[in-house]
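Report on the structure
So you can see what is in the structure, the chains are spelled out below.
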Amino acid sequence: MEMVYETPRLLLRVLREDAADKVLEFYEENKAIFEQYEIDRVDNFYTRAYQAALLRCEYNLMVRLQAVRFWVFEKEKPDRIAGTFSVHNIRYSAYQDCELGYKFHQEVWGKGYARESIERGIAIVFDELGLHRIEALVMPGNQRSKHLLWSLGFSLEGIKRQNVRLHGTWCDHEVYSLLNNP
């Protein structure tokens, strides 16, 4: 697995802790949007120290091939994060699967960056990691995310009822999957 991949317009990078300031800026600029769909943050989440520690942890998970987070940059703006996607809960043996998560800066919505970068990520998962299945969970009202998954070839499998607690409320998620059937 490489630390940097390219698409026609984007760079996909695995970051180390020295990028904590950029990651923090990305989260702060999109806080109101991201927090609608994510668990409550710990008190120090929006600090450089926390982001550095998280990047260290994610790097160690990548080395063990348990999870991989790619940070997405426009080739024309290589110093500013446009988005991120990760494959996590990677399982081998009889499962050969993982989960997909993603978030993109609100300023790049509608440019196709999520599709372009995740499409490259799917190739990495299937061709380099040798996995068979990718699963993604989406809140039922998140139409943009559902459209993205459909455009990438994912299929709706069903609903995980009350599978995560967000802001004090148990929420359902739709389950989508993509299979590696060459």
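Details of the structure are given in the entry above.
Residues numbered from 1 in each chain as written. Predicted model: local features only at pLDDT ≥ 70, side-chain atom pairs only at ≥ 80, totals over all residues. Heavy atoms only, no water.

Remarks on the overall build of the protein
Short version of the rule: What counts as a helix is a DSSP run of H or I of at least four residues, what counts as a strand is a run of E of at least two, and both are numbered from the N terminus. Here the term buried applies to any residue with accessible area under 20% of the maximum for its type, exposed to any over 50%, and partly exposed to those in between, with areas from a 1.4 Å probe on protein chains only. Contact criterion: two residues are considered in contact whenever any of their non-hydrogen atoms come within 4.5 Å of each other. All accessibility values rest on the Shrake-Rupley procedure with a 1.4 Å probe; residue burial counts only the protein chains present in the view.
Broken down by element type, the protein carries five helices and eight strands. Listing every helix and strand of the protein by position from the N terminus yields β-β-α-α-α-β-β-β-α-β-α-β-β. Across the 182 residues of the protein, 45% fall into the buried class. Taking the contacts inside the protein whose residues are at least 6 apart along the sequence as the reference set, 61% of them involve residues at least 24 apart. Carbon and sulfur atoms provide 49% of the accessible area of the protein, an area that totals close to 9800 Å².

Considerations on the environment of Tyr92
Mapped onto the secondary structure, Tyr92 falls in the loop between strand S4 (77-91) and strand S5 (97-104). Accessibility expressed as a relative area gives 33% for Tyr92, which makes it partly exposed. The sequence separation of Tyr92 and Arg115 amounts to 23 residues, and the corresponding C-alpha distance is 26 Å. When residues no more than four places from it in sequence are discounted, the contact partners of Tyr92 are Leu65, Leu129 and Leu131.

Focus: unusual backbone geometry
Of note, the phi angle at Leu65 is positive, near 55°, even though the residue is not glycine. Relative to the helices and strands, Leu65 is located in the loop between helix H3 (48-63) and strand S3 (68-74). A positive phi angle, near 45°, is found at Gln162, a position not held by glycine. Residue placement: Gln162 occurs in strand S7 (residues 155-166). For Gln162, a relative accessible area of 52% puts it in the exposed group.

Examining the environment of Arg41
Within the secondary structure layout, Arg41 lies in the loop between helix H2 (31-34) and H3. The spatial distance from the C-alpha of Arg41 to the C-alpha of Ile81 is 20 Å, given a sequence separation of 40 residues. Once residues within four sequence positions are removed from consideration, Arg41 is found in contact with Tyr27, Glu35 and Tyr46.

Some words on the sheet that holds strand S2 (residues 10-13)
Sheet strands associate in pairs through backbone hydrogen bonding, adopting either a parallel or an antiparallel arrangement. The test is simple: Strand pairing is assigned whenever DSSP identifies at least 2 bridges connecting the two strands. In this analysis an axis means a line fitted to C-alpha atoms, helices contributing only their contacting stretch, and an angle means the value between N-to-C directions, from 0 to 180 degrees.
The eight strands are arranged S1-S2-S3-S4-S5-S6-S8-S7 in an open sheet whose pairing can be described as mixed. The outermost strands of the open sheet, each flanked by one partner alone, are strand S1 (4-6) and S7. Recorded for the sheet is a direction-independent mean angle of 30° between the axes of neighbouring strands. Relative to S2, S1 runs antiparallel, the two being bridged by three bridges. Paired with Glu6 across the bridge in S2 is Leu11.

Details of helix H4 (residues 113-128)
The condition is simple: One less than the number of residues in a helix, times 1.5 Å, gives the span that helix is expected to have.
Taking 1.5 Å of rise per residue, the 16 residues of H4 would be expected to cover 22 Å, and the 22 Å separating its terminal C-alpha atoms lies within 8% of that figure. Taken from the residues just after H4, Gly130 is the one with a positive phi, measuring 70°.

A look at the pairing of S4
Relative to S4, S3 is paired through seven bridges, and the arrangement is antiparallel. Within the sheet, the bridge partner assigned to Val68 lies in S4 and is Val87. As consecutive antiparallel partners, S3 and S4 are separated by two residues. For S4 and S5, the ladder comprises seven bridges, and the chain directions are antiparallel. Each bridged residue has a counterpart across the sheet, and for His88 the counterpart in S5 is Glu99. Here S4 hands over to S5 after five residues, with Ser93 in that stretch at a positive phi of 60°.

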